[in-house]
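Overview (structure and organization)
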Amino acid sequence: MLTHNLIYRKAGIKKPAFFINLHPHNYPYNLFCKANFQQKIIMQLNKAIQNRWSPRAFSDKEVTKEMIDLLFEAARWAPSSMNEQPWKYYFVHRNNQNTFNEVVEILTGTNPVWAQHAQVLIISVVKKNFDYQNRPNKNALHDLGAANVSIAIQAAEMGLQVHQMGGFDKTKAAEYLQLDIENFEPVTAIAVGFQGDADQLPKELKERELQPRKRKKIEEFVYEIAEK
Ligand SMILES: Cc1cc2nc3c(=O)[nH]c(=O)nc-3n(C[C@H](O)[C@H](O)[C@H](O)COP(=O)(O)O)c2cc1C
C-alpha cells in the first residue's frame, strides 16, 4: 500500500471529502479519474523512485553490513565529471554506540530527535579539487548529489530508506572526521534505516511525517526548447 499512497500523493489528487481519514500512506489512488493521465505516467515510474522518501521514524530492524556495502556500491557506480568520483562517505552503525552518539551530537535543529533512532549515520563529503593538478572541480557537488541519490534509490529498492540532512554542524563534522578542509567538505548527513511507526515521533514531527508530499508540476520546471 505504501507504493499506492505515494502514487496517489504524487498525482496531486485531493483526498475526497467523504474519505475515511486513513494514514496518508494508504490512500487508494485510483478512485477518481481527474488525474488519470498523470497517474498513468507515475505508475510507470521505476518502483524504487516511487517508494523513496525521507522518513523521520525509523524501526529497530537491523541494517546489516551487507546492506551497507550495497548502498556504497550504488554510490560507486554514479556518474561524475571526468570520472573523478569526488565523494567520500564516513559511516557509523548504531551498534558502535559511543561513536554513533557523538555523530548524533553533530546534527542540528530537530534532526537529532529523530535521527538518533536510525540504524546507520553517514556523512557525505565532497572532494573539491580534481586529482589532476589539484584544479577546482566545479561539478564536484553535483556529482556527490548524484551518488547520494544512487544510495537513496538503492536503499528504496532494498526496502530501506535514507533521510539526508543539511542540518548539521559542518565545522564540527570536519574536525571530528579530521578532514583536510582545503580539499574536503562535509555536505550532508544521511540517516539510514527501515521505516518505523510515525506514532513513535513527538507530536510536531509526527504531523510532518504524515503530511502529504508536495511536488511542483512538470510544466513548472520542464521546457521544450522551441525551434529557432
Ligand atoms: C541536501 C538536502 C538537505 C536536507 N536537509 C534536511 C534536514 O536537515 N532535515 C530534514 O529533516 N530533512 C532534510 N532533507 C530532506 C528534505 O526535506 C526532503 O528530501 C524533501 O522534503 C522532499 O521529501 P522526500 O525526500 O520525502 O521526497 C534534506 C534533503 C536534501 C537533499
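In this text the structure is predicted, and so the values were computed from the model without any measurement.

**Points about the overall build of the protein**
From N to C terminus, the protein includes 9 helices and 4 strands. In sequence order, the secondary structure elements of the protein are arranged as α-α-α-α-β-α-α-β-α-β-α-β-α. Here the protein holds 228 residues, and the buried ones make up 30% of them. Residue pairs in contact within the protein that sit at least 24 positions apart in sequence constitute 76% of those at least 6 positions apart.

**Overview of the sheet that holds strand β4 (residues 184–193)**
Note on sheets: strands pair through backbone hydrogen bonds, and any given pair is parallel or antiparallel. Taken in spatial order, the 4 strands make up an open sheet running β1-β2-β4-β3, and their pairing is antiparallel. This sheet does not close on itself; its edge strands, each paired only once, are β1 (87–93) and β3 (161–165). Direction aside, the axes of adjacent strands within the sheet are offset by 25° on average. One ladder, built from 7 bridges, connects β1 with strand β2 (residues 120–127); its direction is antiparallel. Note on β2: the bridge partner recorded for W87 is V126.

**Side note on the confidence of the model for the protein**
Mean pLDDT over the protein works out to 89, with 85% of the residues at or above the 70 mark. pLDDT under 50 marks residues 1–31. Its contacts with residues more than four places away, or in other chains, come to 48 contacts.

**Considerations on the nonpolar core**
One finds L121, I151, V162, A191 and V192 to be the most contacted residues of the largest nonpolar core, which totals 37 residues. Put simply, the parts of the chain that give this core at least two residues each are α4 (65–76), α5 (97–106), α6 (111–115), β2, α7 (140–157) and β4. Not counting residues within four places of it along the chain, the set of residues in contact with I151 comprises L71, A74, A75 and V162.

**Here we look at unusual backbone geometry**
Positive phi outside glycine occurs at M82, with the angle close to 60°. Looking at the element boundaries, M82 is found in the loop between α4 and β1.

**Thoughts on the site of the ligand**
Residues in close proximity to the ligand include W53, S54, N111, Q164, M165, G166, G167, T188 and R213, which together make up its full environment. In the shell around the ligand, the residues fall into 2 nonpolar, 6 polar and 1 charged.

**Things to note about the packing of α4 against α7**
Two numbers describe a pair of packed helices, the interaxial angle and the distance between the axes. Following both chains from N to C, one finds α4 and α7 inclined at 140°, their axes separated by 8 Å at the closest point. With respect to α7, the axis of α4 lies oblique. In the packing of α4 onto α7, the handedness of the crossing is right-handed. Contacts from L70, L71, A74 and A75 of α4 reach α7 at A147, S150, I151, Q154 and A155.

**Considering the pairing of β4**
Buried residues dominate β4, accounting for 8 of its 10 residues. Sheet analysis places β2 next to β4, joined by 8 bridges and oriented antiparallel. Within the sheet, the bridge partner assigned to S124 lies in β4 and is T188. Where β3 meets β4, 5 bridges bridge the pair, whose relative direction is antiparallel. In the strand pairing of β4, Q164 is matched with I190.

**Digging into α7**
Relative to the 26 Å expected for 18 residues at 1.5 Å per residue, α7 spans 26 Å between its end C-alpha atoms, a close match to the ideal helical length. Regarding α7, the residues found buried are A140, D143, L144, A147, N148, S150, I151, A152, Q154 and A155. Its buried side turned inward, α7 meets α4, β1, β2, β3 and β4. Two residues or fewer past α7, G159 is found with a positive phi of approximately 85°.

**Observations regarding the environment of M67**
Assignment of secondary structure puts M67 in helix α4. In this structure M67 comes out as partly exposed when scored by C-beta crowding, with 18 C-beta atoms within 10 Å. As a C-alpha pair, M67 and Q154 span 87 residues in sequence and 9.8 Å in three-dimensional space. Discounting residues that sit within four places of it in the chain, M67 has contacts with M158 and L160.

What counts and what doesn't
- Residues numbered from 1 in each chain as written.
- Predicted model: local features only at pLDDT ≥ 70, side-chain atom pairs only at ≥ 80, totals over all residues.
- Helix = DSSP H or I, 4+ residues; strand = E, 2+ residues; numbered from the N terminus.
- Buried ≥ 20, exposed ≤ 12 C-beta atoms within 10 Å, placed from the backbone.
- Contact = placed C-beta atoms within 7 Å.
- Pairing = 2+ DSSP bridges.
- Axes fitted to C-alpha atoms, helices over the stretch in contact; angles between N-to-C directions.
- pLDDT = per-residue confidence, 0-100.
- Core = buried A, V, L, I, M, F, W, Y, C linked by C-beta atoms within 7 Å.
- Near = placed C-beta within 6 Å.
- Nonpolar A, V, L, I, M, F, W, Y, C, P; charged D, E, K, R; others polar.
- Parallel < 35°, antiparallel > 145°, perpendicular 65-115°, else oblique.
- Left-handed = near helix turned anticlockwise from the far one by under 90°.
- Expected span 1.5 Å × (residues − 1).

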